[in-house]
Amino acid sequence: MTCDEAKQHFAEYWSQSLSDADEIELEEHLGGCDACRTEAERLGALWRQLAPPSEEPGPGLRGRFYEMLRGAALRPARSSRPPVWQIAAGIALLVGGGLLGYGLRPKDSELAQLREEVSSMRQLVALSLLQQQSASERLRGVSWAYRVEPSDSEVLQALLNSVNGDPSVNVRLAAVDALHAFGSNVVARKGVLGSLEKQDAPLVQVAILDLLVDLNDRDAEPVLRRLMQNVSTDSGVRQRAQWALEKLQ
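Residues numbered from 1 in each chain as written. Predicted model: local features only at pLDDT ≥ 70, side-chain atom pairs only at ≥ 80, totals over all residues. Heavy atoms only, no water.

Which residues make up the overall build of the chain, and what are the values?
The secondary structure content of the chain amounts to 14 helices and 0 strands. Along the chain, helices and strands appear, N-terminal first, in the series α-α-α-α-α-α-α-α-α-α-α-α-α-α. Across the 249 residues that make up the chain, the buried fraction comes to 41%. Here the analysis covers contacts within the chain between residues at least 6 apart in sequence; of these, 69% occur between residues at least 24 apart. For the chain, the accessible area works out to roughly 13,100 Å², and carbon and sulfur atoms hold 48% of it. (Helix = DSSP H or I, 4+ residues; strand = E, 2+ residues; numbered from the N terminus. Buried < 20%, exposed > 50% of the residue type's maximum accessible area, 1.4 Å probe, protein only. Contact = heavy atoms within 4.5 Å. Areas by Shrake-Rupley, 256 points an atom, 1.4 Å probe, with all protein chains shown as cover.)

As structure tokens, then:
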């Protein structure tokens, strides 16, 4: 198991949805990879213990919170846990308003570390959900992709993979829309343009054409002309391609 594969299994490991074989392989990898083990301990502490603050937090909340961030060992309890998106929502609540609302004032360095932790968790949630078998869960993953940084190359690639290969047209359409946030990324622009001719759903092709216009991608002209000249292309898509070409000229 590679390091990238191990990180993709963290969410399933903590939510007890990982197969026995994959769990054994993951634990073997963690036993021999210090970097992944450290990452697992850091995020695992958040996963196990972080929750939205109570209405009347005690005076020891700040100390417990930062002790939690420093991390305990990776010892996932064999019990039911809330879904990944609920845990991440709790984290977002704490960071977005909970801490400040209760008068917790972390230092700049602590706040930067906290933001990094939340960014990692958001990425983890998005990537995990985008790999689920349920189309509704993959749609949830697309919605989480809006919360990551535009520079996040892993989530960007996952969205492009969804556009190119997801069996659900709705997921593909949602992924195209989410790619607006990555419009300044050269890889995103090339990926979107390259996926246009791979599509078999006219609705997705039209959505991509609209995205190319929104991004003002003038490099799309050759692809648009090929699409217009392809007699096997849906007539509505050809008309939209002509419209897009006129907009970009």
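Describe the pattern of salt bridges, and please don't skip the residues or the numbers.
Scanning all chains against the criterion turns up 7 salt bridges. Arg37 is the salt-bridge partner of Asp34, the closest N and O atoms lying 2.3 Å from each other. On the criterion of helical spacing, the pair formed by Asp34 and Arg37 is a turn pair, its members being 3 residues apart in helix 4 (residues 34-49). The exposed category is assigned to Asp34, whose relative accessible area is 51%. (Salt bridge = Lys/Arg side-chain N within 4 Å of Asp/Glu carboxyl O.)

Can you tell me about unusual backbone geometry, naming the residues and giving the values?
Of note, Asn216 is a non-glycine position whose phi angle comes to about 55°, a positive value. Mapped onto the elements of the fold, Asn216 is located in the loop between helix 12 (202-214) and helix 13 (221-229).

Before we move on, can you summarise the packing of aromatic side chains with the specific residues and values?
Under the definition given, this model contains 0 aromatic pairs. Directly above the ring of Trp144 sits Arg147, whose terminal nitrogen or CZ lies 3.9 Å from the centroid. The ring of Trp243 carries the charged tip of Arg240 above its face, separated from the ring centre by 3.8 Å. (Phe/Tyr/Trp six-rings, centres within 6.5 Å; stacked < 30°, edge-to-face > 60°. Lys NZ or Arg CZ within 6 Å of the ring centre and 35° of its normal.)

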